[in-house]
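# Structural features, examined
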Amino acid sequence: MCRHLGYLGPAVPVSEPITRGPHSLRVQSWAPREMRGGGTINADGFGVAWWPAQAPGDTDALDAQDVEPTRYRNAAPIWTDPAVDDVLSQIEATAVLGAVRSATVGMPVERTACAPFTSGRLAFSHNGVVPDWRAVCAAVSKEVGGVDPFELEASTDSAALWLLVRALLERGADPSEALTEVVRRVVAERSEARVNLLLGDGEQLWATTCYHSLSVLVDDTSAVVSSEPYDDDPRWQPIDDRSVVTVRPGHVAIESL
Ligand code: GLN
């Protein structure tokens, strides 16, 4: 099942966090280590959203709250796309959220189905599968309220989960609460659902673990959340299953789901 990664910290080329280390997100697309029975490789496309670095002293600079991510997606395997090395390496960002996709059987392989999904300042990814997702997400959407089904970007469980998260955020839930509530409600409908969610706003990252792996690497200046560690840095912290984690540079908070 897909792999995802979020980075916050000093400005880097957008390609850097997704190609960093001997076991980078790009390597995880063809040689993941911890798929836990959900597919073998992540060859059904990829996507990356980034929040641009703003030059110090730029008088036209936006407040951090107003910076919206830019996004690049492709339904082809990440290792076939020269834009990663040739184009994304030319753009600097202080926050990056990337995903490589292994489409669940029955779901379309197309650009619109590739995470990250974005809205305003937010970018979102899902690693996992919701069996019977139409019925499950329809039931949860009735409980949550305020979901606009016409906003569904692709016919996938991940796109539907994003609508549920957005509805809760729009109702005033904080990001960690919104992710927690969606996971709890989905699992209440189908206990075998796998719902590792990742959300970023350019300043913080929030993520859940529900069946799939996740690790974080945080120091005073940067924070990374990743399905699998990209190197053997001993500071990687594996996150227990059924957790929700909030990270930013210098800060990790883990709660039980
Ligand atoms: N089930 C989703 C999809 O097919 C999520 C991808 C995954 O984790 N394999 O897009």
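Each remark here, short or long, concerns the structure printed above.
Here is what the cut-offs are and how they apply
Residues numbered from 1 in each chain as written. Predicted model: local features only at pLDDT ≥ 70, side-chain atom pairs only at ≥ 80, totals over all residues. Heavy atoms only, no water. Phe/Tyr/Trp six-rings, centres within 6.5 Å; stacked < 30°, edge-to-face > 60°. Helix = DSSP H or I, 4+ residues; strand = E, 2+ residues; numbered from the N terminus. Core = buried A, V, L, I, M, F, W, Y, C linked by side-chain atoms within 4.5 Å. Buried < 20%, exposed > 50% of the residue type's maximum accessible area, 1.4 Å probe, protein only. Contact = heavy atoms within 4.5 Å. Near = heavy atom within 4 Å. Areas by Shrake-Rupley, 256 points an atom, 1.4 Å probe, with all protein chains shown as cover. 1 Å grid on protein atoms, 1.4 Å probe; cavity = no way out; pocket = protein on both sides within 12 Å on 5 of 7 lines; lining within 4 Å. Sits in = over half its atoms within 2 Å of the grid points. Nonpolar A, V, L, I, M, F, W, Y, C, P; charged D, E, K, R; others polar. Pairing = 2+ DSSP bridges. Axes fitted to C-alpha atoms, helices over the stretch in contact; angles between N-to-C directions. Polar contact = N/O pair within 3.5 Å; in protein donor to acceptor, adjacent residues only side chain to side chain. Parallel < 35°, antiparallel > 145°, perpendicular 65-115°, else oblique. Left-handed = near helix turned anticlockwise from the far one by under 90°.

Throughout the structure, instances matching the rule amount to four aromatic pairs. Ring centres of W30 and W79 lie 6.0 Å apart, and the angle between their planes is 90°; this geometry places the pair in the edge-to-face category. Highlighted residues: W30 in helix α2 (residues 25–30) and W79 in the loop between β3 (70–74) and α3 (83–86), separated in sequence by 49 residues. Ring centres of F124 and W162 lie 5.0 Å apart, and the angle between their planes is 15°; this geometry places the pair in the stacked category.

Moving on, we get to the nonpolar core. Counting 36 residues, the largest nonpolar core has F124, L161, V165, V186, V195 and L197 as the members making the most contacts within it. Element by element, the count of residues in this core is highest for helix α5 (residues 157–170), at nine residues. Look past the residues within four positions of V186 in its chain and what remains in contact with it is V130, V136, V140, L161, A193 and V195. Formed by 19 residues, the second largest nonpolar core is a distinct cluster that contains V12, V14, W50 and V224.

The environment of the ligand is formed by twelve residues, the closest being C2, R101, S102, T104 and G128. Relative to its unbound accessible surface of 290 Å², the ligand loses 99% to contact with the protein. Judged by the fraction of its atoms near the pocket grid, the ligand is located in the largest cavity. Mapped onto the shell around the ligand, the elements with two or more residues apiece are β6 (122–129) and α5. With three residues, β6 is the single largest residue contributor to the shell around the ligand. Tallied by class, residues from the shell around the ligand come to four nonpolar, six polar and two charged.

One open sheet accounts for six strands, arranged β5-β6-β7-β8-β12-β13; its pairing is antiparallel. At either margin of the open sheet sits one strand with a lone partner, and together these are β5 (117–119) and β13 (251–256). Sheet twist, expressed as the mean angle between neighbouring strand axes with direction ignored, is 15°. Bridging between strand β7 (residues 194–200) and strand β8 (residues 205–209) involves three bridges; their strand directions are antiparallel. When the bridges of β8 are listed, G200 appears paired with L205. In the packing of α5 onto the sheet, contacts are made with β5, β6 and β7, and the angle to β6 comes to roughly 135°.

We now examine the side chain of H4. Here H4 shows up in strand β1 (residues 3–13). One polar contact links H4 to S125, side chain to side chain, over a distance of 2.9 Å.

The N-to-C vectors of α5 and helix α6 (residues 175–189) enclose an angle of 130°; their axes lie 9 Å apart at closest approach. It follows that α5 is oblique to α6 by the angle criterion. α5 and α6 meet at a crossing whose hand is right-handed. Here L161, L164, V165, L168 and L169 of α5 come into contact with α6, specifically with P175, A178, L179, E181, V182 and V186. Here the contact of α5 with α6 is composed, by residue class, of ten nonpolar, no polar and one charged.

It is worth stressing that arrangement in space is one thing and function is another; only the former is reported here.
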